[in-house]
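Structural overview for review
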Amino acid sequence: MPVDGNRQSRLFRARAARWSRRLADAAALLPENLPDSKLFPLFMVSLLAALAVAVYELVYATGGIKYVYSHSMYFPILLAGFLYGVPGGALMGLLGTILLGPFMPIDTVTHESQPLLNWIYRGIFFVSTGILAGYGTATLRKRMVDIRELAHLDKSTGLPNRT
C-alpha cells in the first residue's frame, strides 16, 4: 500500500524527533568536562568502533555492498582523521576496508562475495580519505598555533607584543 507524501513526511518527522530525544538523553549522561577527562580517548575510540559496526550492519541490512549505503563509512573515517590525525584516519579506513571488504557480500540474499579488486579499490579510497583528513587537521592545528604565537610575539623581532 503506497504511503502519501504528507503521511510519509509526518512519519519521517516523528522518527527524527524520536532520534533527537534519544541523542539528547545520551548526551545528558555524559559528563560536561568529558573532552578534558582521561576517559575521552576511550569514549571516542568506542564511539568510532560502534559507528563502524553500525555502518556494517546498515550495509548488510540494506542488501549488501552493491547499494550506496557503504559510503556511510566515510563518516567514522573522517571523524577518526579529525580526532586522531593521520594514524587514526588511516586505521579507521583500514577497519572500514576490512568490514566492508571480505566480510560483506555484494548481495545478502545470494551471499555472492565481492571480487578482490572491488574491496581493495574501495579500501584505497577509505585509507586515503582518512590520511587526508588527518593531514588537513594536523596542518590546521599547526597553523592555529602559529597564529596564537603571532598574537603574542612580533614576527620580525621575536619580542612580545604590547598588550
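One structure accompanies this document, and this report is about it. (Residues numbered from 1 in each chain as written. Predicted model: local features only at pLDDT ≥ 70, side-chain atom pairs only at ≥ 80, totals over all residues. Heavy atoms only, no water.)

**What to know about the packing of helix α2 (residues 40–61) against helix α3 (residues 74–100)**
Running from N to C, α2 and α3 point in directions that differ by 35°, and their axes come no closer than 11 Å. As for the relative orientation of α2 and α3, their crossing is right-handed in sense. Residues Pro 41, Met 44, Val 45, Leu 48, Ala 49, Leu 51, Ala 52, Val 53, Val 55, Tyr 56 and Val 59 of α2 lie in contact with α3, whose contacting residues are Phe 75, Pro 76, Leu 79, Ala 80, Leu 83, Tyr 84, Met 92, Leu 95, Leu 99 and Leu 100. Each residue belonging to the contact of α2 with α3 can be placed in one class, and the counts come to 21 nonpolar, no polar and no charged. (Axes fitted to C-alpha atoms, helices over the stretch in contact; angles between N-to-C directions. Helix = DSSP H or I, 4+ residues; strand = E, 2+ residues; numbered from the N terminus. Left-handed = near helix turned anticlockwise from the far one by under 90°. Contact = heavy atoms within 4.5 Å. Nonpolar A, V, L, I, M, F, W, Y, C, P; charged D, E, K, R; others polar.)

**Topic: α2**
Its 22 residues place the ends of α2 31 Å apart at the C-alpha level, agreeing with the 32 Å of an ideal helix rising 1.5 Å per residue. Turning to α2, its buried residues are Met 44, Leu 48, Ala 52, Val 55, Tyr 56 and Val 59. The buried residues of α2 all sit within an arc of 120° when viewed along its axis, so they share a single face. Exposed residues lying more than 90 degrees from the buried face of α2 are Leu 42 and Ala 61. Where α2 is buried, its residues touch α3. Gly 63 sits one or two residues past α2 and shows a positive phi near 115°. (Expected span 1.5 Å × (residues − 1). Buried < 20%, exposed > 50% of the residue type's maximum accessible area, 1.4 Å probe, protein only. Arc of directions from axis to C-beta.)

**Details of the nonpolar core**
In globular proteins that are soluble, nonpolar side chains generally tend to be buried together. Counting residues in each nonpolar core, the largest one holds 15 residues, and the members touching the most others are Val 59, Ile 65, Met 73, Met 92, Leu 100 and Met 104. Broken down by secondary-structure element, the contributors of at least two residues to this core are α2 and α3. Beyond its immediate stretch of four places on either side in the chain, Met 73 contacts Ala 52, Val 55, Gly 96, Leu 99, Leu 100 and Phe 126. (Core = buried A, V, L, I, M, F, W, Y, C linked by side-chain atoms within 4.5 Å.)

**Examining the pattern of salt bridges**
Counting across every chain of the model gives 2 salt bridges. The salt bridge involving Lys 66 is made with Asp 107; its shortest N-O contact spans 3.5 Å. Of this pair, Lys 66 sits in the loop between α2 and α3 while Asp 107 sits in the loop between α3 and α4 (116–152); the two residues are 41 residues apart in sequence, bridging distant segments of the chain. Taking relative accessible area as the criterion, Lys 66 reaches 44% and is therefore assigned partly exposed. A relative accessible area of 14% means that Asp 107 is categorised as buried. The closest approach of N and O atoms between Asp 146 and Lys 142, which form a salt bridge, is 3.4 Å. Taken as a pair, Asp 146 and Lys 142 lie in helix α4 at a separation of 4 residues, close to a single helical turn. (Salt bridge = Lys/Arg side-chain N within 4 Å of Asp/Glu carboxyl O.)

**Things to note about the environment of Met 92**
Mapped onto the elements, Met 92 comes out in helix α3. For Met 92, a relative accessible area of 8% translates into the label buried. Put simply, Met 92 and Leu 48 are 44 residues apart on the chain and 8.1 Å apart in space, counted from C-alpha to C-alpha. Beyond its immediate stretch of four places on either side in the chain, Met 92 contacts Leu 48, Ala 49, Ala 52, Pro 76, Ile 77 and Ala 80.

**With respect to a nonpolar patch on the surface**
A cluster of nonpolar side chains, contributed by Leu 58, Tyr 67, Val 68 and Tyr 69, occupies part of the molecular surface with about 370 Å² of accessible area. Note on placement: Leu 58 falls in helix α2. (Patch = residues over 30% accessible without salt bridge, like charges linked within 9 Å, V, L, I, M, F, W, Y side chains within 5 Å. Areas by Shrake-Rupley, 256 points an atom, 1.4 Å probe, with all protein chains shown as cover.)

**Quick word on the packing of aromatic side chains**
Applying the stated criterion across every chain, the model contains 3 aromatic pairs. Centroid distance Tyr 74 to Phe 126: 5.1 Å. Interplanar angle 90°. Geometry classified as edge-to-face. Within this pair, whereas Tyr 74 is found in helix α3, its partner Phe 126 is found in helix α4, the two being separated by 52 residues in sequence. On the basis of an interplanar angle of 65° and a centroid distance of 5.1 Å, the ring pair of Tyr 121 and Phe 125 is categorised as edge-to-face. Remark: Phe 125 and Tyr 121 occur in helix α4; sequence separation between them is 4 residues, near one turn of the helix. The exposure class of Tyr 121 is exposed, given its relative accessible area of 52%. (Phe/Tyr/Trp six-rings, centres within 6.5 Å; stacked < 30°, edge-to-face > 60°.)

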